[in-house]
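# Summary of structural features
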Amino acid sequence: MKIVVIGGTGLIGSQVVANLRRQGHQVTAASPNTGVNTITGEGLAQAVAGAEVVVDLANAPDFADDPVMAFFKTSGRNLMAAEKPAGVKHHVILSIIGADRLPESGYLRAKVAQEDLVKASGIPYTIIRSTQFFEFVGGIAQSATDGETVRLSPAHLQPIAAEDVAAQVTRVATMPPANGVIEIAGPEPIGLDELVRRYLAAKHDPRKVVPDIHARYFGTELNDKSLTPSGDNPHLGAISYETWLRRSLAQQPVR
Ligand SMILES: NC(=O)c1ccc[n+]([C@@H]2O[C@H](COP(=O)([O-])OP(=O)(O)OC[C@H]3O[C@@H](n4cnc5c(N)ncnc54)[C@H](OP(=O)(O)O)[C@@H]3O)[C@@H](O)[C@H]2O)c1
């Protein structure tokens, strides 16, 4: 199949491109770095011409409320406008579990807007909603740090390794459209504070993690149900947090 991966140079996109190429598909990794821009429209019509499947794994460069909303709306509209005349048969996006339950978060409102555009487009689609990626734990710690203290909600997440996310996106891209939502999550729930505490301990980082039920994450307070799967049948990744931590520390020298 000819498959276009928008954001095909990103964390998830680059792995999906590699997986699909290994399976023998004809894959275009589309992003500003390869001359395809869903905001300006540059290279978009040429990229999707003749494609059966488009997988949208682009992310916004600015996560502030207005820019992130503008990014996902403009990008989504331009993609749909290019895909309709090209006759694309399946549009896949990667959204976030809980996006529809946390309207105080500007980023999550933007993901809901992206989902709504896809649902209304008339193009057959699958929305994959994922939990947080393990790979963002360092960034989460950084954004919640004040001096030597990291203040975080103890609410449960069920985070997942990017490798497992990429495997699920690859599987969905080669299946018929669900015209609905599927959920993917990591193998076990873990408190957000505990997730970061274990990461900092593994890196011998002296910062202290303090649980705070009012601490905001992407602009919103959390409870144990906010960001964990809502359906009965999420696809669970195989890589545990312990395994991921061990592997990622082996790749990067401990500070
Ligand atoms: N963070 C989470 O835990 C989480 C959870 C669930 C879902 N998601 C979603 O997963 C998706 C992928 O995230 P990621 O972490 O893999 O992203 P990432 O590593 O930040 O990569 C972003 C990609 O988007 C591309 N891009 C940026 N602006 C673009 C534009 N105007 N036109 C086309 N492509 C553009 C980038 O291209 P260049 O390399 O050329 O700049 C890059 O390939 C996102 O939609 C995100 O919302 C994230």
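No experiment lies behind these values; they were computed from the predicted model shown.

Roughly 960 Å³ of volume is contained in the largest pocket. As for the largest pocket, its lining consists of 42 residues, of which Asn-59, Phe-63, Tyr-107, Phe-133 and Phe-136 are closest to the centre. Those elements that provide at least two residues to the lining of the largest pocket are α1 (11-22), β4 (90-96), α4 (106-120) and α5 (137-143). Its residues placed into classes, the lining of the largest pocket shows 24 nonpolar, 15 polar and three charged. Taken as a whole, the second largest pocket spans an internal volume of roughly 180 Å³. Looking at the second largest pocket, the residues that line it are Gln-15, Glu-135, Ala-161, Ala-162, Glu-163, Ile-239, Trp-244, Arg-247, Ser-248 and Gln-251. Counting residues per element, the ones that place at least two in the lining of the second largest pocket are α6 (162-173) and α8 (241-251). No other element matches the four residues that α8 contributes to the lining of the second largest pocket. The class makeup of the residues in the lining of the second largest pocket is four nonpolar, three polar and three charged.

In the case of a regular strand, side chains alternate between the two sheet surfaces. The buried fraction of strand β5 (residues 125-130) amounts to six of the six residues, a majority that puts the element mostly inside the structure. Residue alternation in β5 divides its side chains into two sets, Tyr-125, Ile-127 and Arg-129 and Thr-126, Ile-128 and Ser-130, and both sets are buried. In this structure, β4 lies alongside β5, joined through six bridges in parallel fashion. Bridged to His-91 within β5 is Tyr-125. Between the parallel elements β4 and β5, the chain passes through α4 in a crossover that is right-handed. In this sheet, strand β9 (residues 181-185) lies alongside β5 in parallel orientation, the contact comprising four bridges.

On to the sheet that holds strand β6 (residues 145-146). If you walk across this open sheet you meet the three strands as β6-β7-β11, and the pairing is mixed. Across the chains shown, the open sheet's two edge strands, defined by having one partner strand only, are β6 and β11 (208-211). Pairing of strand β7 (residues 149-152) with β11 involves four bridges; the strand directions are parallel. Bridge assignment links Arg-151 to a residue of β11, and that residue is Val-210. Against the sheet, helix α7 (residues 192-202) engages β7 and β11, with an angle of about 170 degrees to β11.

Let us look at the site of the ligand. If you check the shell around the ligand, you find 26 residues, and the closest are Thr-9, Leu-11, Ser-31, Tyr-107 and Phe-136. Here an oxygen atom of the ligand sits 2.9 Å away from a polar atom, N or O, in the main chain of Asn-33. Tyr-107 places a side-chain nitrogen or oxygen 2.6 Å from an oxygen atom of the ligand. Summarising the interface, the protein chains cover 84% of the accessible area of the ligand, which totals 940 Å² for the free molecule. With respect to the detected pockets, the ligand is housed in the largest pocket. For the shell around the ligand, the elements supplying multiple residues, two or more each, are α1, β4 and α4. In terms of residue count, the dominant contributor to the shell around the ligand is β4 (three residues). Class assignment for the residues of the shell around the ligand results in 13 nonpolar, twelve polar and one charged.

Moving on, we get to the pairing of β7. Only one face of β7 is covered, namely the one carrying Val-150 and Leu-152; the face carrying Thr-149 and Arg-151 has none of its residues buried. Looking at chain direction, β6 and β7 are connected through two bridges and run antiparallel. Paired with Thr-145 across the two strands is Val-150, which belongs to β7. Linking two consecutive strands that pair antiparallel, namely β6 and β7, is a turn of two residues; a positive phi of about 65 degrees is found at Gly-147 within it.

This brings us to unusual backbone geometry. Phi is positive for His-204, which is not a glycine, with a value near 55 degrees. Here His-204 shows up in the loop between α7 and β11. Overall, the relative accessible area of 63% leaves His-204 in the exposed class. Although it is not a glycine, Phe-218 adopts a positive phi angle of roughly 50 degrees. If you trace the backbone, Phe-218 turns up in the loop between β11 and β12 (235-236). Residue class for Phe-218 comes out partly exposed when judged on its relative accessible area of 38%.

The rules behind each value
Residues numbered from 1 in each chain as written. Predicted model: local features only at pLDDT ≥ 70, side-chain atom pairs only at ≥ 80, totals over all residues. Heavy atoms only, no water. 1 Å grid on protein atoms, 1.4 Å probe; cavity = no way out; pocket = protein on both sides within 12 Å on 5 of 7 lines; lining within 4 Å. Points joined across faces, edges and corners; volume = space filled by probe spheres on them. Helix = DSSP H or I, 4+ residues; strand = E, 2+ residues; numbered from the N terminus. Nonpolar A, V, L, I, M, F, W, Y, C, P; charged D, E, K, R; others polar. Buried < 20%, exposed > 50% of the residue type's maximum accessible area, 1.4 Å probe, protein only. Pairing = 2+ DSSP bridges. Right-handed = clockwise from strand over helix to strand, strands pointing away. Contact = heavy atoms within 4.5 Å. Axes fitted to C-alpha atoms, helices over the stretch in contact; angles between N-to-C directions. Near = heavy atom within 4 Å. Polar contact = N/O pair within 3.5 Å; in protein donor to acceptor, adjacent residues only side chain to side chain. Areas by Shrake-Rupley, 256 points an atom, 1.4 Å probe, with all protein chains shown as cover. Sits in = over half its atoms within 2 Å of the grid points.

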